Amino acid sequence: MTSADIKRIGKTNWRGISTDYLVFEILDLKAKLDMLPICHEEAIGFTCPNDCPETEWVELHQQLYEAQLAECQKELDRRRNIIEIYIKNPDREIIQAIKQNCILADVIEKYTQVFYSSKDQLKFRCTLHGEDKNPSGIIYN
């Protein structure tokens, strides 16, 4: 197993996890990494199989934990960045209220023709392309 395989395995989608759990997971992974050289069986949770050298076993788990830790940290940094954006843009609540109360098709209809397609999708002619004969955009409310 290569280190690229380990990194791919270590990639986990942390978006649906609460921030508290994410911080706990980061602390847990750091503790496992600290414990790995001292008492690897407890850090990994099970013993090394007979057909694998112990040093390779520990190195693979170290790479896995480091990949998971990097993904957790990246998600935590992404969430911190989102919070900073909301703080820098106090009009965010107003923008969200406008988005919730406006129907997108009504706004687009003020600028160009809106059509219903055969699949009950809303389509429009893009005004940037000049004279379009057929609708070139789809509206997703």
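Note: the structure precedes this text.
An account of the accompanying structure is given in this report. Being a predicted model, the structure only gives us computed values, none of them experimental.

**Considerations on the sheet that holds strand 1 (residues 114-116)**
Sheet architecture is open: 3 strands sit in the order 1-2-3, paired in antiparallel fashion. The sheet terminates laterally at strand 1 and strand 3 (137-139), the two strands that pair on one side only. Direction aside, neighbouring strands of the sheet carry axes that sit 40° apart on average. Here strand 2 (residues 122-124) pairs with strand 3 via 3 bridges, running antiparallel. By the bridge assignment, Phe124 is partnered in strand 3 with Gly137.

**Concerning the pattern of salt bridges**
Oppositely charged side chains are able to pair whenever their charged atoms sit close together. All chains considered together, the criterion is met by 5 salt bridges. Ionic pairing is found between Lys32 and Asp28, a salt bridge with its closest N-O pair at 3.8 Å. One end of the pair is Lys32 and the other is Asp28, both in helix 2 (residues 19-35) and 4 residues apart, which spans about a single turn. With relative accessibility at 26%, the residue Lys32 sits in the partly exposed group. For Asp28, a relative accessible area of 27% corresponds to the partly exposed category. Ionic pairing is found between Glu75 and Arg78, a salt bridge with its closest N-O pair at 2.8 Å. With Glu75 and Arg78 both in helix 4 (residues 54-88) and 3 residues apart, the pair spans about one turn of that helix. For Arg78, a relative accessible area of 28% gives the class partly exposed. Among the charged side chains, a network of salt bridges with common partners joins Glu75, Arg78 and Arg79.

Cut-offs used in this document
Residues numbered from 1 in each chain as written. Predicted model: local features only at pLDDT ≥ 70, side-chain atom pairs only at ≥ 80, totals over all residues. Heavy atoms only, no water. Pairing = 2+ DSSP bridges. Helix = DSSP H or I, 4+ residues; strand = E, 2+ residues; numbered from the N terminus. Axes fitted to C-alpha atoms, helices over the stretch in contact; angles between N-to-C directions. Salt bridge = Lys/Arg side-chain N within 4 Å of Asp/Glu carboxyl O. Buried < 20%, exposed > 50% of the residue type's maximum accessible area, 1.4 Å probe, protein only.

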